[in-house]
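# Reading the structure
Now for the letters of each chain:
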Amino acid sequence: MIFFDIDGTLLDNDSGIVPASTVRALQEAKEKGHMIFLCTGRCKAIWPKEIVDIGFDGMVAGCGTSVYYKGEKILHAKLEQNLQRQIAEDMVKYHVDGVLEGDEYCYFSKDRFLPVIHQIYEDNGKFFGGDCQRIFQEEKELAYDKFTLWFDETGDVDGFKAKYEKDFEFIRRAPDFYEIVPKEYSKATGIELLCRTTGIDRAHTIGVGDSTNDLAMLQYTGISIAMGNGDPALFSQVDYVTTGVSEDGIEHALKKYNII
């Protein structure tokens, strides 16, 4: 089983394109009998449609909060409704901005103030979930599993973090960006569930990623591969550093390990 992150791994962050060599390599891997999986921080509502259409055997989504195998959802870890509402209200209280991510919808604040959040909101139509954006102040019920948080000097991100870090893992993705996941779940726990479901030993798994939210996956899989365009902090912790996304990195990596 081979597990691929999306952003910066399958999808080139600069061009927004999945290279033809990547699609070709994934299809050849499947033809040779290997199983391919998405293993992403993105929840289902914001999977890029062109990536889903490649045809994966399953997905670990939302950093392990949802797991799919052969078209069936075999895990969905849901946050308690009162907690979901409190987190949303505290985003406003502490003046931080972000995206609350779920299977069907992503929730934004009506007071979203950072340009990156406006861009994510506008890009919603590109995603697998289609019309997936909602304003959390307008919803009676919320349904999200994890969230991402951006901030600037006007907000109290340290206060927000102090309130929730007992129950959530705050993964620092950039100086102004956290990915926040319930502590019981990670990309590794999702892969572990798929190993149990399929009967495939973890020694026969490969993880491919580019960012700090991929560390759990890369530390769990039998073989770990980092993208050359990725965070240099990963490079000393993996078995192999391939070339960048746009430099046929996926194809090079799969050839190195005789997958294709």
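Everything here concerns the structure above.
Residues numbered from 1 in each chain as written. Predicted model: local features only at pLDDT ≥ 70, side-chain atom pairs only at ≥ 80, totals over all residues. Heavy atoms only, no water.

### Points about the packing of aromatic side chains
Considering all chains together, one arrives at 17 aromatic pairs under this definition. Ring centres of F170 and Y178 lie 5.5 Å apart, and the angle between their planes is 85°; this geometry places the pair in the edge-to-face category. Relative accessible area serves as the criterion here: at 11%, F170 is assigned to the buried category. A residue is classified by how much of its surface remains accessible, and Y178, at 7% relative accessible area, is buried. Site record: aromatic cluster; members linked through ring pairs are Y94, Y105, Y107, Y144, F147, F151, F160, Y164, F168, F170 and Y178. (Phe/Tyr/Trp six-rings, centres within 6.5 Å; stacked < 30°, edge-to-face > 60°. Buried < 20%, exposed > 50% of the residue type's maximum accessible area, 1.4 Å probe, protein only.)

### Structural notes on the packing of helix α3 (residues 81-93) against helix α5 (residues 157-164)
One way to put it is that α3 packs onto α5 with a least axis distance of 11 Å and a crossing angle of 165°. Taken together, the axes of α3 and α5 are roughly antiparallel relative to one another. Note that α3 runs across α5; the crossing there is right-handed. Between α3, through L83, Q86, I87, D90 and M91, and α5, the contact on the second element is made entirely by F160, K163 and Y164. Considered class by class, the residues forming the contact of α3 with α5 number 5 nonpolar, 1 polar and 2 charged. (Axes fitted to C-alpha atoms, helices over the stretch in contact; angles between N-to-C directions. Helix = DSSP H or I, 4+ residues; strand = E, 2+ residues; numbered from the N terminus. Parallel < 35°, antiparallel > 145°, perpendicular 65-115°, else oblique. Left-handed = near helix turned anticlockwise from the far one by under 90°. Contact = heavy atoms within 4.5 Å. Nonpolar A, V, L, I, M, F, W, Y, C, P; charged D, E, K, R; others polar.)

### So, the side chain of T205
Following the sequence through the fold, T205 ends up in the loop between α6 (187-198) and β12 (206-209). Since its relative accessible area comes to 0%, T205 is described here as buried. Here R202 takes part through its backbone oxygen, which lies 2.6 Å from a polar atom of the side chain of T205. When neighbours within four sequence positions are excluded, T205 is seen to be in contact with M1, F3, C195, T221, G222 and I223. (Polar contact = N/O pair within 3.5 Å; in protein donor to acceptor, adjacent residues only side chain to side chain.)

### Some points on the sheet that holds strand β13 (residues 223-226)
What the 8 strands build is an open sheet, ordered β5-β4-β3-β2-β1-β12-β13-β14; its pairing is mixed. Both edges of this open sheet fall to β5 (72-76) and β14 (240-241), since each of them pairs with a single strand only. Across 2 bridges, β13 lies against β14 in parallel orientation. Note on β14: the bridge partner recorded for I225 is Y240. On the sheet, α6 packs against β1 (2-4), β2 (36-39), β3 (58-61), β4 (66-69) and β5 and is oriented at approximately 30° with respect to β4. Strands β1, β12, β13 and β14 of the sheet are contacted by helix α8 (residues 249-256), whose axis makes an angle of about 160° with β1. (Pairing = 2+ DSSP bridges.)

### Quick look at α5
By the burial criterion, the buried members of α5 are V157, G159, F160 and Y164. Down the axis of α5, the smallest arc covering the buried residues is 160°, so these residues share one side. Exposed side of α5, more than 90 degrees from the buried face: D158 and A162 are the residues found there. The secondary structure elements touched by the buried residues of α5 are α3, β9 (146-150), β10 (168-174) and β11 (177-182). (Arc of directions from axis to C-beta.)

### Here's the deal with the pairing of β5
Pairing between β4 and β5: 4 bridges, direction antiparallel. Within the sheet, the bridge partner assigned to S66 lies in β5 and is H76. Hairpin geometry of β4 and β5 is characterised by an intervening segment of 2 residues between the two adjacent antiparallel strands and by a positive phi of about 50° at K70.

### Examining α8
Listed in full, the buried residues belonging to α8 are G249, I250, E251, A253 and L254. Summarising the contacts, the buried residues of α8 are in contact with β1, α1 (20-31), β12, β13 and β14. Note on α8: the residue one or two positions beyond its end, N258, has a positive phi of about 60°.

### Focus: the packing of α1 against α8
Contact geometry for α1 and α8: axes closest at 7 Å, N-to-C directions at 30°. Relative to α8, α1 is oriented roughly parallel. Here α1 contributes S21, T22, R24, A25 and A29 to the contact with α8, which in turn contributes I250, E251 and L254. Residue composition of the contact of α1 with α8, by class: 4 nonpolar, 2 polar and 2 charged.

### A few points about the sheet that holds strand β8 (residues 133-135)
Consider a sheet: its strands pair through backbone hydrogen bonds, and that pairing is either parallel or antiparallel. With respect to topology, 6 strands assemble into an open sheet ordered β8-β7-β6-β9-β11-β10, the strand pairing being mixed. The two strands at the open ends of the sheet, each matched to only one other strand, are β8 and β10. Here the average twist between neighbouring strands, direction ignored, is 25°. In this sheet, strand β7 (residues 106-108) lies alongside strand β6 (residues 97-101) in antiparallel orientation, the contact comprising 2 bridges. Looking at β7, one finds that E101 is bridged to C106. Set on the sheet, α3 makes contact with β6, β9 and β10; between it and β6 the angle comes to about 160°. Helix α4 (residues 115-122) rests against β6, β7, β8 and β9 of the sheet, and its axis sits at about 35° to β6.

Function cannot be read off these values alone, since they describe shape.
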